[in-house]
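Summary of structural features
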Amino acid sequence: MNILITGIHGFVGSNLVADLAKEHVLYGVDIVTPLKKGIVKTLLWDDIDKGKIPSVDVIIHLAGKAHDTKNTAQAQEYFDINTGLTQKIFDFFLASGARKFIFFSSVKAAADFVAGDVLTEEVIPAPIGPYGESKIAAEEYILSKKAQWREGKEVYILRPCMIHGPGNKGNLNLLYNVVKKGLPWPLGDFENRRTFTSIDNLCYVIHGLIGQDVLSGIYHMADDEALSTNELITLMCETLGKKPRIWKINRGFMTGCARLGSVLHLPLNLERLQKLTENYVVSNAKIKKALGISQMPVCAQEGIRKTLKSFSE
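Residues numbered from 1 in each chain as written. Predicted model: local features only at pLDDT ≥ 70, side-chain atom pairs only at ≥ 80, totals over all residues. Heavy atoms only, no water.

**What about the packing of helix α3 (residues 75–95) against helix α4 (residues 130–144)?**
- At a minimum axis distance of 8 Å, the contact between α3 and α4 shows a crossing angle of 20°. Relative to α4, the element α3 is oriented roughly parallel. Where α3 crosses over α4, the handedness of that crossing is right-handed. Residues A75, Y78, F79, N82, T83, T86, Q87, F90 and D91 of α3 form the contact with α4, whose own contacting residues are P130, Y131, E133, S134, K135, A137, A138, Y141 and I142.
- Residues of the contact of α3 with α4, tallied by class, amount to ten nonpolar, five polar and three charged. (Axes fitted to C-alpha atoms, helices over the stretch in contact; angles between N-to-C directions. Helix = DSSP H or I, 4+ residues; strand = E, 2+ residues; numbered from the N terminus. Parallel < 35°, antiparallel > 145°, perpendicular 65-115°, else oblique. Left-handed = near helix turned anticlockwise from the far one by under 90°. Contact = heavy atoms within 4.5 Å. Nonpolar A, V, L, I, M, F, W, Y, C, P; charged D, E, K, R; others polar.)

Structure (structure tokens):
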């Protein structure tokens, strides 16, 4: 098929291009246009208005402003990019001959924290902060055009939890560097469960959405198994050939330290403590049912090991 992908130079885009280029003809849209292996031609966003986009069968919209963990970005930036660019490319899709549109949203568009045991597509969205709010605004725009995209077109809104793989430079990489220095993990007394998304499983799902007759809708994306932070650190130490140094310091004491850290603006504060120790389990049951599979091809531990190995390389 002829496939148009926005945001081809990012972490997910680069991995997806390398995977899809084996079977499909790929075009890119980005803010820069250097040559990229696997891409026939890269166009700029202004080229959409100029009518320079070639005829394609599928559009995959990846481009967006990632969540800024340092909170330095202005709120309007998220809406200009995450919402504005989605509106622009989706309007193009509706007017084009393309049959399928895949939008990469985020679980943060649904919920900043999981109230129950697991986050499903039935949750009433309640994002917190401009990143999640801009993503849900983009989703709402797509859904508001439903009357137009039911006619021979399929639309998929994917909400992946934290994606990882070779080239990833997010929070997983930061934690890995802490463990690499041999520093002890003092939060071992907190037993949390989190799900991640392996880039290999994500590519597998994209292949399924492109090649199969899948019902339009919102789909959460995650690996099958949830991992605790303690398990994650153990896997990191295994990769590094180190013995895990997990200290089970009293939870109440560590919470008190974090509370003090919030007052004194220290690295460990209440917000960071919550992010490091909270439960965030996302269900992938709906997407597996839609694709007719019982499990993802890559288990969570295997995917994490592959990502960690790429860090060391």
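Past the structure itself, the notes keep going.
**Concerning the sheet that holds strand β9 (residues 217–221)**
- Spatially, the seven strands line up as an open sheet ordered β3-β2-β1-β4-β5-β6-β9, and their pairing is parallel. For this open sheet the edge positions go to β3 (39–44) and β9, each flanked by a neighbour on one side alone. Across the sheet, the mean angle separating the axes of adjacent strands is 20° when strand polarity is ignored. (Pairing = 2+ DSSP bridges.)

**Let's talk about the environment of N192**
- Tracing the chain through its elements places N192 in the loop between α6 (171–180) and β8 (197–198).
- We classify N192 as buried; its relative accessible area is 1%.
- Between the alpha carbons of N192 and T277 there is a distance of 5.7 Å; along the sequence they are 85 residues apart.
- Discounting residues that sit within four places of it in the chain, N192 has contacts with L227, S228, T229, L276, T277, E278 and N279.
- Polar side-chain contacts of N192 include one of 3.0 Å to the side chain of T229.
- Within polar-contact distance, the side chain of N192 engages the backbone oxygen of E278 at 3.2 Å. (Buried < 20%, exposed > 50% of the residue type's maximum accessible area, 1.4 Å probe, protein only. Polar contact = N/O pair within 3.5 Å; in protein donor to acceptor, adjacent residues only side chain to side chain.)

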